[in-house]
Structures are given as C-alpha cells and as structure tokens.
Amino acid sequence: MSTKNLAGQHVVVVGGSSGIGKAVAAQALAAGARVTIASRSAEKLAAAAGELGDVATAVVDVTDEESVRALFAPIESLDHLVVCPGDMANGSVYEVSAESIRACLDTKLVGQLLSVRHAGKKLTPEGSIVLLAGAGGYKPFAELSVTAAANVGIGAMGRSLALELAPIRVNVVVAGLIDTPLWDFIPESDRAAFFEHTAKTTPVGRIGQPADVAASVIHLLENTFVSGALVHVDGGALL
Ligand SMILES: NC(=O)c1ccc[n+]([C@@H]2O[C@H](COP(=O)([O-])OP(=O)(O)OC[C@H]3O[C@@H](n4cnc5c(N)ncnc54)[C@H](OP(=O)(O)O)[C@@H]3O)[C@@H](O)[C@H]2O)c1
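Because the structure is a prediction, the values reported are computed rather than measured. Note on numbering: residues in each chain are counted from 1, in written sequence order. Only residues with pLDDT of at least 70 are given local features in this predicted model, and only at 80 or more are side-chain atom pairs given and counted; all residues enter the totals for whole chains, interfaces and linings.

A. Looking closely at the overall build of the protein chain. What the protein chain contains, in helices and strands, is seven helices and seven strands. Under the DSSP-based scheme used, a helix requires at least four consecutive residues in state H or I and a strand at least two consecutive residues in state E, with every element numbered from the N terminus. Each helix and strand of the protein chain, ordered N terminal to C terminal, gives the series β-α-β-α-β-α-β-α-β-α-β-α-α-β. In terms of C-alpha radius of gyration, the protein chain reaches 17 Å, essentially the compact-globule figure of 18 Å for 239 residues. Projecting the C-alpha coordinates of the protein chain onto the three principal axes gives extents of approximately 45 × 40 × 35 Å. Exposed residues have 12 or fewer other C-beta atoms within 10 Å of their own C-beta, buried residues have 20 or more, and partly exposed residues fall in between, where C-beta atoms are placed from the backbone. A buried classification covers 43% of the 239 residues belonging to the protein chain. The atom set for the radius of gyration is the C-alpha atoms, and the globule formula is 2.2 Å times the number of residues raised to the power 0.38.

Now the structure itself:
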C-alpha cells in the first residue's frame, strides 16, 4: 500500500497562518490530522486558528535559529513538516537592495533548512517533509533573479535532503502564481491586472488558489513512494 492516511498524524505547518500554508492546515485537519501552525505574528496565528478550528499555534521566525529551536524543542515527535515561509526580492539587479536580497535568501533558503534541521530528528521514520518553492527560476523572468536563485536552490536542497534523511521522504512543491496575501504589496488595481494577464497566458486559463497547492502537498504527505520529487503546481505555466 503506497498511501498512509493522515488521520491521527501530527503535521506541523511552518508559515501556516496564511495563504498556501493555511490551506494545507485546513486540508490536513479535514483528513483527520493533528495540526500545528507556526509563523511570526501571534495575531495572524490567532486569526487563522479562529478560521481553522482545532489547531495548535506557535510563534516562530525561521530566520532566527534560536526561535526555530524553541519551536521544535517541546514537540516530542511529528509525522510531517511543511515549510512555507517566503519572501520575494523583486527588481532589477541594479536596484534590488542588498538587504532585500539577504532577506529573501534568509527566509526561503536558510529558514527552510533550519526548520528541517530542528524538526528532522523528531520526524517518525515513515514521515515526510514538503518544502515550498516557486516557478520563478524554473522559468526565467526578468527582474526576478534573487527569487529565482532561492526557488531553484530549494529544489536542489530538497533533493539532497531526500537522500540524506531517507527513509524520511522530502519533496518540493513548485507553485505558479497563487492568489494569496503574498501579493498584497501590489496596489489592488495593478494586482488585478497582473492576475488577469497571468491567467490569460497560463494554459489552464486561470491563476491558482491556495487549495490547488495544498491538494498536492497533502498527496505528497500521504504517498509513501514519493521522495525527491519536484511537483509543479502552476496550471501549465512552465510550458
Ligand atoms: N503565492 C504565490 O504566488 C506563490 C508562488 C510561488 C511560490 N510561493 C511560495 O509559497 C510559500 C507560501 O506563500 P504564500 O503565497 O502562501 O504566502 P503568504 O500568504 O504570505 O504566507 C506566508 C506565511 O509564511 C509566514 N512567514 C513569513 N515569513 C516568515 C518567517 N520569517 N518565519 C516564520 N513564518 C514566516 C507568514 O506568517 P507571518 O507573517 O505571521 O510570519 C505566513 O504564514 C512561500 O514560500 C512562497 O514563496 C508562493
């Protein structure tokens, strides 16, 4: 049997207070899992818990190793770890600030690695890890070089970790454009135009919703024969 039901399993979603992570938490709960969501903002966590129902919450900043250590210290064991925090550094190579470059790499690469480091030994042998990356980098886009480097780095990191941590499975979901608060920095009318343009140029004719990505994450948690995979959830955007 290549699938293991999530019922009764402990799933920790880092970056679970919003967007894709919150949708993963909702689908894991619906599958009967025990879920912990973690992120920086206690307010966002409380709001998410209010929506999701029976979840444990914990404050963590994945760019701070002591904070990551403190998140996992009281957790005796977990079955699955999903790591969602992201930060984009968009802009021309001549303009993007060194601070923003470091923040992006720190959250997406260092933060994901530190989460794996402090959760890894507590994962049950049949457990798994899913890391979140984005399509930018798997297809080049101008003025997205830093985010691209981070996304492709996560893919490479995930495949190495799948060998290193085996039999624990490690997989990477590479998301296309998904309608989440990640894009709130763009003014609403510009954002609507950006979403509409992307939908028109995406083979399936729409942009993604957090639940689209969460469904693939849940599949990867459940299917015990998938490890080292990069799963593209982008409506065909890379074609
Ligand atoms: N949305 C897209 O179009 C898209 C496309 C490709 C890839 N992705 C990737 O998918 C992942 C999830 O993105 P999303 O769209 O769901 O974004 P989101 O709605 O902004 O959610 C990000 C989550 O990560 C948490 N977070 C951010 N920085 C953190 C940190 N330093 N430490 C701990 N938690 C942190 C946020 O909560 P707090 O603010 O409370 O910390 C929030 O829970 C990211 O890695 C993103 O790069 C998204």
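Next, the rest of the story.
B. Representation of the site of the ligand in the model. The local shell around the ligand holds 29 residues, among which G15, G19, R40, G86 and G134 are the closest. Within the residue set of the shell around the ligand, elements represented by two or more residues are α1 (19-30), α4 (98-120) and β5 (123-134). The class makeup of the residues in the shell around the ligand is eleven nonpolar, 14 polar and four charged. We call a residue near a molecule or strand when its C-beta atom, built from the backbone, sits within 6 Å of it. Amino acid classes used here: Ala, Val, Leu, Ile, Met, Phe, Trp, Tyr, Cys and Pro are nonpolar; Asp, Glu, Lys and Arg are charged; the rest, including Gly, are polar.

C. View of the sheet that holds strand β4 (residues 78-83). Two strands pair under a simple rule: DSSP has to find at least two bridges between them. Pairing within the open sheet is parallel, and its seven strands lie in the order β3-β2-β1-β4-β5-β6-β7. Edge positions in the sheet fall to β3 (55-59) and β7 (230-233), since each has one partner strand and no second. With strand direction ignored, the average angle separating the axes of adjacent strands in the sheet is 20 degrees. Of the pairings in the sheet, the one linking β4 to β5 comprises five bridges and is parallel in character. Each residue of the ladder has a partner; that of H80, found in β5, is S128. Whether two residues are in contact depends on their C-beta atoms, placed from the backbone: they are in contact if these lie within 7 Å. A fitted line through C-alpha atoms serves as each axis, taken over the contacting stretch for helices, and the angle formed by two N-to-C directions is quoted from 0 to 180°. Helix α5 (residues 145-164) rests against β5, β6 (169-175) and β7 of the sheet, and its axis sits at about 160 degrees to β6.

D. How the structure looks around the nonpolar core. V11, V13, I20, V24, A25, V82 and V217 are the most contacted members of the largest nonpolar core, which has 63 residues in total. Beyond its immediate stretch of four places on either side in the chain, V217 contacts V24, V82, V130 and V173. We call a set of buried Ala, Val, Leu, Ile, Met, Phe, Trp, Tyr and Cys residues a nonpolar core when their C-beta atoms link them within 7 Å.

Fair warning: the whole summary comes from geometry, so function is off the table for now.
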